[in-house]
Amino acid sequence: MADNLPSEFDVIVIGTGLPESIIAAACSRSGQRVLHLDSRSYYGGNWASFTFSGLLSWLKEYQENNDIVTETLTCQKQILENEEAIALSRKDKAIQHVEVLCYASQDLHEDVEEAGALQKNHAYVTSANSTEAADSACLPTEDETLNTVSCEMPAEQTPSSDPESALEVNDAEATGEKENYCDNKTCVPSTSEEETSENLPITEDTTEQPKKNRITYSQIIKEGRRFNIDLVSKLLYSRGLLIDLLIKSNVSRYAEFKNITRILAFREGRVEQVPCSRADVFNSKQLTMIEKRMLMKFLTFCMEFEEHPDEYKAYEEITFSEYLKTQKLTPNLQYFVLHSIAMTSETSSSTIDGLKATKNFLHCLGRYGNTPFLFPLYGLGELPQCFCRMCAVFGGIYCLRHSVQCLVVDKESRRCKAIIDHCGQRIISKHFLVEDSYFSENTCSHVQYRQISRAVLITDRSVLKTDSDQQISILTVPAEEPGTSAVRIIELCSSTMTCMKGTYLVHLTCTSSKTAREDLEPVVQKLFIPYTEMETENEEFEKPRLLWALYFNMRDSSDISRNCYNDLPSNVYVCSGPDCGLGNDNAVKQAETIFQQICPNEDFCPPPPNPEDIVLDGESLQSEASESSAIPEANSETPKESTNLGNPEESPE
C-alpha cells in the first residue's frame, strides 16, 4: 500500500486514538491533506473496543509485543548527511500486568461457532506471560471495526432518515425490547439452552430452574460478537465538550447513545440508588422529608455558588469532604454528595473542586434524561471511528497495519520534514502528530508516567437488581486505605450492545497504587462472587456471579509537559492516551489546542456544508448528491423508539 501513497501531505497523524482522530477530522475539514496511520490492525489504539475473540487476539498481540527484545532501525541508509532520525517504537508499553481469570464452567463438548474464536478453549487463569487463551483468536478486520452498526435490524427496527437530528439517544428499556427481538432473528441459540428446552420435565422442578440461566465459557465464545469491550471506561457528560463537539461537527450522525439510567452508592456493604434529579429526590424512600429539603437547598446553592462567595470563601483551604460537614447535611447526604454527585476524592479534592464538580453534575441533568451521562451504543471505541469517518469524508487517507520506522529531522532547522514507513517510503509533511506510546524509550527517558488500574468483568446479573434487567449504572466505591483511590464502576447491560443477553459488562477504574489486580480485586470481592457449579444449585444469590475477569494497568500520559520529551522538533505534536477521569474533556481540549497550533485561523470542526448550498462549476447538484449518498453513514437514521434531540434543551424531561 505504501507504494501507492502520495509522497507529500500537510499533516501526518500516527495513532487512531480519540485525540488523534479528532485532530485528523478537524484538519481534513479545514482543507489540510491528512495521512492517518496506525501500526495496529484496528481503530482506536488504547481507546478501542473489541468483540470477545478480538479481545483475546489483543491479549495475544500484547504477549507478542512483550517478546520483542531489540528494535533495529533499518531506515538509516535513507537518512542524508544533514538529517537525523528519531526512531519510533514497535513495542507498546502502555499496557502492563495483564491477568485473565475465567470462572464460567467449561462445556468442552460444545462446538464453538463464532468465526475467529477460540476452539474448545479450556478455562484459564493466565498472567502476562501466558497466551494459551489467545493463540487461536484472529484479529477483527478493518471493516468489522469501522462498522458502527453490527447487529441486523428487523423490519420494524429499520431506521427512518432524519438529517436534522443532532444526537440520537435511546431509552434503555425500549432498546432492550428491540434487542430481544433482534436476538430472536439473528442469534445462534446456545447449546445449553437447546438441551434445557428438550429435556425439561412436564412437571415443574424448582431445583432445575437455576440451570436455565447457567452461562458457560463456550456460550460466551459463541456469542462473542455480541460483546464490545472497551479498553478505557468513560461516560459522556450531556453538556460536556465532547457532546458539544459531536453536535457542532455533525459527527453525532454516525453514532447512537443511551442514557445512564441510575447512579448508585456503596455504603455499609450495600448498594443503593442515589436520588439526583428533583423528581428522584422527592420520590426517594431512602431519605426523610427533612433530608430531602436539606439536599435540595444545598444543591440549589451549588448551582449558583459563585454568586455567593461569602458562603464558601472561608472554607477554600479545606477539603470538600470537610466542607460538607460544616453544612446542614446528615452523614447520609454528605456521603451521597461526595461520592455519587461530585464524585471527588475524600482526601485531596478542595472545596472549590467539589462545588464545581457538583455544579457540573447538576448542569448536565435533564438534557437527555434523569442522569447527566450518556454512553455510545457498541462501546466507546465507536467515537474515534466516527471522527475517522469524518476525516475520510473530507479526503483523509487511512492506513492500518502501517508502521512508521522514524521521523526525519533537518539538523539545521531542527524541524521534522518526513517520515519513513515500514516499506521504506519517505513521505514529506509540514506537521506530525504522534501518539505517546509510539515514542521510543530514548525519547521518553525523562517522562514520569502515572498508571491506571483497569478491570473488565462479565457477570450474570446487576449489582442492584430491579424489575428491569436493562439498567446502565455508575457506582463509586470509596477508598478504604490511605494512599489508595476510589474505584469507579460502570455496569453495562445488553441493550448497550456491549454484551450478550443475560450478562452484564462491568468496568472498574482507579488510579494505580499497585498492579490492577491488587488494586481492584478487593472491590470485586465485595460486590461479586465467583461462579462455581455448587452455587448454581442455589435458588437465590446475594451477589452477582463473576463469569470472567480481565485485569490490566494502562499508562496515563495526560498532563505531561511537551518539554519532558527529549529533542522533539517544534512541528511534532504529542497526543496522550486515555486519562483516569470519567469524562472526555481532556481529549477534546488537547485536540483543539494542537489544531489551533497547526491551523491558527481556522474554526475547529465546523458543521459540514449543506450539499444543497454547494454549486460546482459546470456540474449539476445531482452529481454532488450521488457522491454524498455513497458515503456509508452507520447511524444517520433514527429508530422509531429512539428520541430525536435536535434541540435537547427544549425536549421534555
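Source: prediction; values computed, not measured.

Draft legend 1. Structural context of the overall build of the protein. Counting its secondary structure elements, the protein contains 16 helices and 28 strands. Here the contacts in the protein between residues at least 6 apart in sequence split such that 76% fall between residues at least 24 apart.

Draft legend 2. Spotlight on the nonpolar core. Membership of the largest hydrophobic core comes to 123 residues, with the highest contact counts inside it found for F52 and F298. Sort the elements by how many residues they give to this core and helix α1 (residues 18–29) lands first, with 7 residues. Once residues lying within four places of it in the same chain are set aside, the contact partners of F52 are Y217, I220, I221, G224, F227, I229, I458 and W548. If you look at the next biggest cluster of nonpolar residues, it comprises 25 residues, including L35, C416, Y438 and Y565.

Draft legend 3. Representation of the sheet that holds strand β16 (residues 404–410) in the model. Pairing within the open sheet is antiparallel, and its 4 strands lie in the order β4-β16-β17-β18. Edge positions in the sheet fall to β4 (83–87) and β18 (426–428), since each has one partner strand and no second. Here the strands of the sheet are splayed against their neighbours by 30 degrees on average, with no regard to which way each runs. Where β16 lies against strand β17 (residues 416–421), 5 bridges are found, and the strand directions are antiparallel. When the bridges of β17 are listed, V404 appears paired with D421.

Draft legend 4. Spotlight on helix α12 (residues 351–364). Spanning 14 residues, α12 covers 20 Å between terminal C-alpha atoms, matching the ideal 20 Å at 1.5 Å per step. Looking only at α12, the buried set comprises T351, I352, G354, L355, T358, F361, L362 and C364. Looking at the buried side of α12, the elements it contacts are β10 (236–237), β12 (262–267), α9 (289–303), α10 (320–326), α11 (331–341) and β14 (373–376). Immediately downstream of α12, the backbone of G366 shows phi near 85 degrees, a positive value.

Draft legend 5. Broad picture of the packing of aromatic side chains. Under the definition given, this model contains 15 aromatic pairs. Arranged with centres 6.0 Å apart and planes meeting at 55 degrees, the rings of Y43 and Y398 form a pair that is tilted. Taken as a pair, Y43 in the loop between β2 (34–37) and β3 (49–50) and Y398 in strand β15 (residues 397–399) lie far apart in primary sequence, 355 residues in all. There is no split in this pair, since Y43 and Y398 are both buried. Pairwise contacts between aromatic rings join Y42, F50, W58 and F552 into one cluster. The ring of Y254 is capped by R389, whose NZ or CZ atom sits 5.4 Å from the centre of that ring. A cation sits over an aromatic face here: R555 above Y449, 4.0 Å from the ring centre.

Draft legend 6. Layout of the pattern of salt bridges. Evaluated as defined, the whole model comprises 25 salt bridges. For D603, the salt bridge identified is with K248, shortest N-O distance 3.3 Å. Of this pair, D603 sits in the loop between α15 (585–598) and α16 (621–629) while K248 sits in helix α7 (residues 241–249), placing them 355 residues apart in sequence. A relative accessible area of 42% places D603 in the partly exposed class. In this structure, R270 engages E272 in a salt bridge whose closest nitrogen and oxygen atoms are separated by 3.0 Å.

Cut-offs used in this document
Residues numbered from 1 in each chain as written. Predicted model: local features only at pLDDT ≥ 70, side-chain atom pairs only at ≥ 80, totals over all residues. Heavy atoms only, no water. Helix = DSSP H or I, 4+ residues; strand = E, 2+ residues; numbered from the N terminus. Contact = heavy atoms within 4.5 Å. Core = buried A, V, L, I, M, F, W, Y, C linked by side-chain atoms within 4.5 Å. Buried < 20%, exposed > 50% of the residue type's maximum accessible area, 1.4 Å probe, protein only. Pairing = 2+ DSSP bridges. Axes fitted to C-alpha atoms, helices over the stretch in contact; angles between N-to-C directions. Expected span 1.5 Å × (residues − 1). Phe/Tyr/Trp six-rings, centres within 6.5 Å; stacked < 30°, edge-to-face > 60°. Lys NZ or Arg CZ within 6 Å of the ring centre and 35° of its normal. Salt bridge = Lys/Arg side-chain N within 4 Å of Asp/Glu carboxyl O.

Function cannot be inferred from these measures alone, as they are strictly geometric.
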